Amino acid sequence: MAEKVKIVIDDVEYEVEKGKTVLQVALEKGIDIPYFCYHPKLSIAGACRMCVVYWENINRLVISCNTPVQEGMVIRTHRTSEQVRENQRYLLQALMTRHPLDCPICDKAGECDLQNYGAIYGPQRQVVPVSALEKEREEYDWESDFLEYYSNRCVVCYRCTRACDEIVGAHALYVENRGFHSNIVPTVRPMDTSTCEMCGICVHVCPVGAIISKPFKYWSRSWLLEKGLTACNLCPVGCEIQIEFGVGDWRSKRKVYRTKPTDELNICTKAFFGYDALNRDRLLKPEVHGREEGEGNLVSLIASILSSEGKETAFVLSGYLPNEVIDSVISVAKATGSYITTPQTCDFFRIAERMGGCERITLDEIKDSSVFLLIGDDVTSTAPVLSYYIKGKVYKAGRTVRDSKLRPQTIYLEEVESIEEKGVAVITAHHFRGEEADRVGDLALKLKERGWKVVLLPKEGNLYGLYTRIRNLYSDTEAVLEKARKGEIRTLIVFGEDILEYYSWEEISDLRESLEHLVVVSPFREGLSEIATVRIPMALMGETEGTYETLMGEVRGKKFLPWAFDEIGFWKRVADLMEGDIGVKRVRKDRTPQGRIEVHLYRSNWITERSENLTRLYEKNLQVTEYRT
């Protein structure tokens, strides 16, 4: 149990945990102390001096963010000390004197700390006779299509540089010059093709409008948007993110405008700039032969198709589905004697079976390690937020692109067993196929037996949940598709577009000719759903209450986007119509697709490739990124 001390803040005694700072304790107790440079996830900088308090015991002002609590300490904040109020007012005046005060055109208006504190501690007066023209500082062009820096607005709190160094580890920013002339500068320009991962954390932590997102610039105001918290399902980490959207009234258009992290700062470019995929040519209502169909009629139609005698059905599931939909589909497959498969049977499932099953390890277990072994593809591109927690000695056997920020010691796969330390081994499953997957699975089993924690890392958001549910039920995808080519399977129900990452468009299009029904469950009108006889909407983040098995544990999505289709309810209604349990059919075939998936930070799946923002970043970086295997 942590040691406690007693302190007094504004004449009220508190028993608090020793080792915490005055600011941390005050915020925990609901005592409002203003600050710019402090952030709970970042190291203490003590740069802004705004969090000043009066320490009665030593009769002086101190900054609360860097002052540990002590037994018997008596503290006064601005609520009970005029001296503190005057000091904070002076600091604000100094900042306002040099600040451009361009709130009408600043995207941070409405959520700017300087603006808010100015209102709380104002009205202000200019204490130094500086004209608007004299406020100009040298502007540094970041040469970016996505991030923009306004040097005049910067309060030099160092939050952005600390976040980039301490959280992401990209080291893409640094501070140039000193004092009022300080500027935040990219280590490499153009910014878009530097070590910057475009995670957007610097935009989020900036307390003013010094760093902004260009895709959001001038589109809307924060107070005009609706907001919701949900779990991101674009990769297996499962971060909690904020989505801000319009509902189509006088305030804003009906679309997603931006995404942001919580104060945990767990977000990557897939969510921060990939949000525009949620606005891309969405399939929002079911369609049969190109015409909109009511949910009730479609439920009956699907049940009728599945009940047809002598016509076999196969479900091709996606690693981005929530558990609730997977459970309903399993129930339907058991009732109708259908096949269940997923394209990842040739890599993730194959490795998992060879290593004796896939035990999901939480992020807390991963970040406590000091030794890491990365096997396969680029972990930073596959699950960027996971890389934020890999801090220590790193061995790498495989492709290294963005993982270079981890400063790994490059080794060959054959050298892995010679590593004497124990730690966390991360294997990117999509990198290995067929016999190669078998060898990696056997290696993973040996590592587990030696005491390593082995993370079999998918790139999909809920492949852990899918594997857990169908590991004893699934058929190999290649075997299912072969039966469909021969006409033995007449109905194929495909969820998402995972299959197009393993098979060419031509192969799937040709397969369509052998089927009586191709039912595609997709978030998008274009793509695979274009050749479907029946199209059913599939939810994205912010559109479902479903649960996902992730490195954060089991996380639950939230449904708040106004156009969301109730996919969980729909498939439950289908399942409720089907009676009996004759069991699923299974077919195996030791043959795998030849294509190899190589994940890019800005293009990692069929959802993110719909993002115009990420596509632009991908195309810019494709020409300059060097790959080292």
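Here we summarise the structure given alongside this text. All figures in this text were calculated on a predicted structure; none of them were measured in a lab. (Residues numbered from 1 in each chain as written. Predicted model: local features only at pLDDT ≥ 70, side-chain atom pairs only at ≥ 80, totals over all residues. Heavy atoms only, no water.)

### Concerning the overall build of the protein chain
For step 1, the next point in the chain: Scanning the protein chain for helices and strands turns up 18 helices and 26 strands.
For step 2, the next point in the chain: Of all 629 residues assigned to the protein chain, the portion counted as buried reaches 61%.
For step 3, the next point in the chain: Sequence separation of 24 or more characterises 71% of the internal contacts of the protein chain that already satisfy a separation of 6 or more. (Helix = DSSP H or I, 4+ residues; strand = E, 2+ residues; numbered from the N terminus. Buried < 20%, exposed > 50% of the residue type's maximum accessible area, 1.4 Å probe, protein only. Contact = heavy atoms within 4.5 Å.)

### Brief notes about the sheet that holds strand E12 (residues 256–261)
For step 1, the next point in the chain: Overall, antiparallel pairing links the three strands, which are arranged E10-E11-E12 in an open sheet. Each of the sheet's edge strands pairs with one partner strand only, and the pair in question is strand E10 (226–231) and E12. Strand after strand, the sheet turns through a mean of 25° between neighbouring axes, direction not considered.
For step 2, the next point in the chain: Two elements, E10 and strand E11 (residues 240–245), share six bridges in a ladder whose sense is antiparallel. Counterpart to Gly228 in the pairing with E11 is Ile243. (Pairing = 2+ DSSP bridges. Axes fitted to C-alpha atoms, helices over the stretch in contact; angles between N-to-C directions.)

### With respect to the packing of helix H8 (residues 323–336) against helix H14 (residues 463–470)
For step 1, the next point in the chain: Axis separation between H8 and H14 bottoms out at 10 Å; the angle between their running directions is 25°. Our classification of the angle between H8 and H14 gives roughly parallel. Remark: the crossing between H8 and H14 carries right-handed chirality. On H14, the residues that touch Asn323, Ile326, Asp327 and Ile330 of H8 are Gly465, Leu466, Arg469 and Ile470. (Parallel < 35°, antiparallel > 145°, perpendicular 65-115°, else oblique. Left-handed = near helix turned anticlockwise from the far one by under 90°.)

### Quick look at the nonpolar core
Taken as a class, soluble globular proteins show a tendency for nonpolar side chains to be buried jointly.
For step 1, the next point in the chain: If you look at the biggest cluster of nonpolar residues, it comprises 155 residues, and the most contacted ones within it are Ile201, Leu317, Leu373, Leu386, Phe495, Ile536 and Trp571.
For step 2, the next point in the chain: Examining the composition of this core, we find that seven residues originate from one element, H8, more than from any other.
For step 3, the next point in the chain: Sequence-distant contacts of Phe495, that is, excluding residues within four places in its chain, are made with Phe315, Val316, Leu317, Ser318, Leu321, Val325, Val329, Val521 and Trp571. (Core = buried A, V, L, I, M, F, W, Y, C linked by side-chain atoms within 4.5 Å.)

### A look at a negative patch on the surface
For step 1, the next point in the chain: A contiguous patch of negative charge, built from Glu506, Glu507, Asp510 and Glu513, is present on the exposed surface.
For step 2, the next point in the chain: Looking at where Glu513 falls in the secondary structure, it is placed in the loop between helix H16 (505–512) and strand E23 (517–522). (Patch = residues over 30% accessible without salt bridge, like charges linked within 9 Å, V, L, I, M, F, W, Y side chains within 5 Å. Areas by Shrake-Rupley, 256 points an atom, 1.4 Å probe, with all protein chains shown as cover. Salt bridge = Lys/Arg side-chain N within 4 Å of Asp/Glu carboxyl O. Lys, Arg positive; Asp, Glu negative; His and termini not counted. Charge placed at Lys NZ, Arg CZ, Asp CG, Glu CD.)

### Quick notes on the packing of aromatic side chains
For step 1, the next point in the chain: Per the counting criterion, the structure on display carries 18 aromatic pairs.
For step 2, the next point in the chain: Considering the side-chain rings of Phe146 and Phe273, the 5.4 Å spacing of their centres and the 65° angle between planes classify their relative orientation as edge-to-face. A residue pair is termed long-range when its members are at least 10 positions apart, and Phe146 in the loop between helix H3 (113–121) and strand E6 (147–149) and Phe273 in the loop between helix H6 (269–272) and strand E13 (287–288) qualify at 127 residues.
For step 3, the next point in the chain: Arranged with centres 6.2 Å apart and planes meeting at 65°, the rings of Phe348 and Phe349 form a pair that is edge-to-face.
For step 4, the next point in the chain: Counting every residue linked through ring pairs, the aromatic cluster contains Phe348, Phe349, Tyr464, Tyr467 and Tyr474.
For step 5, the next point in the chain: Its guanidinium or amino end placed over the ring of Tyr257, Lys255 lies 5.0 Å from that ring's centre, counting from NZ or CZ. (Phe/Tyr/Trp six-rings, centres within 6.5 Å; stacked < 30°, edge-to-face > 60°. Lys NZ or Arg CZ within 6 Å of the ring centre and 35° of its normal.)

### Looking at the side chain of Asn266
For step 1, the next point in the chain: Inspection of the secondary structure puts Asn266 in the loop between E12 and H6.
For step 2, the next point in the chain: In this structure the side chain of Asn266 is engaged in a polar contact, spanning 2.7 Å, whose partner is the side chain of Tyr389.
For step 3, the next point in the chain: Discounting chain neighbours no more than four positions away, the residues touching Asn266 are Cys239, Glu240, Ile241, Pro261, Val385, Tyr389 and Met552. (Polar contact = N/O pair within 3.5 Å; in protein donor to acceptor, adjacent residues only side chain to side chain.)

### Remarks on the sheet that holds strand E3 (residues 52–55)
For step 1, the next point in the chain: Strand order across the open sheet formed by five strands is E2-E1-E5-E3-E4, with mixed pairing between neighbours. If you trace the sheet from one side to the other, it starts and ends with strand E2 (12–17) and strand E4 (60–63), each paired once. Pairs of neighbouring strands in the sheet enclose a mean axial angle of 40°, with direction left out of account.
For step 2, the next point in the chain: Direction of pairing for strand E1 (residues 4–9) relative to strand E5 (residues 74–76): parallel, over a ladder of two bridges. Bridge assignment links Val8 to a residue of E5, and that residue is Val74.

### A few points about the environment of Gly392
For step 1, the next point in the chain: Structurally, Gly392 is set in the loop between helix H12 (384–388) and strand E18 (393–398).
For step 2, the next point in the chain: Residue class for Gly392 comes out partly exposed when judged on its relative accessible area of 47%.
For step 3, the next point in the chain: Separated by 15 residues in the primary sequence, Gly392 and Arg407 place their C-alpha atoms 9.5 Å from one another.
For step 4, the next point in the chain: In contact with Gly392, other than residues within four places in its own chain, are Ser370 and Phe372.

### Observations regarding the pattern of salt bridges
For step 1, the next point in the chain: Scanning the model with the defined rule gives 49 salt bridges in all.
For step 2, the next point in the chain: Ionic pairing is found between Glu516 and Lys311, a salt bridge with its closest N-O pair at 3.1 Å. Here Lys311 lies in the loop between helix H7 (295–306) and strand E15 (312–316) and Glu516 lies in the loop between H16 and E23, a separation of 205 residues in the sequence.
For step 3, the next point in the chain: For Glu516, a relative accessible area of 30% gives the class partly exposed.
For step 4, the next point in the chain: Of the charged contacts, one joins Asp442 and Arg354 as a salt bridge, the two residues approaching to 2.8 Å between their closest N and O atoms.

### Thoughts on the side chain of Asp276
For step 1, the next point in the chain: Relative to the elements of secondary structure, Asp276 occurs in the loop between H6 and E13.
For step 2, the next point in the chain: In this structure Asp276 is buried but unpaired, with Arg280 as the nearest side chain of opposite charge at 7.2 Å.
For step 3, the next point in the chain: At 2.5 Å, the side chain of Asp276 and the side chain of Ser611 are in polar contact.
For step 4, the next point in the chain: Filtering out sequence-adjacent residues up to four positions away, Asp276 remains in contact with Ser611, Glu612 and Asn613.

### A look at the pairing of E12
For step 1, the next point in the chain: Within E12, six of the six residues are buried, leaving the element largely enclosed by the surrounding structure.
For step 2, the next point in the chain: The pairing of E11 with E12 spans five bridges and is classified as antiparallel. Across the sheet, residue Glu244 finds its bridge partner in E12, namely Arg258.

### Focus: H3
For step 1, the next point in the chain: Among the residues of H3, those classed as buried are Asp113, Leu114, Tyr117, Gly118 and Tyr121. Projection of H3 onto a plane perpendicular to its axis shows the buried side chains occupying an angular sector of 135°, all on one side. Facing away from the buried surface of H3 by more than 90 degrees, the exposed residues are Ala119 and Ile120.
For step 2, the next point in the chain: Of the surrounding secondary structure, the elements contacted by the buried residues of H3 are helix H2 (82–98) and helix H4 (159–168). (Arc of directions from axis to C-beta.)

Treat this as a map of the structure, not an account of what it does.
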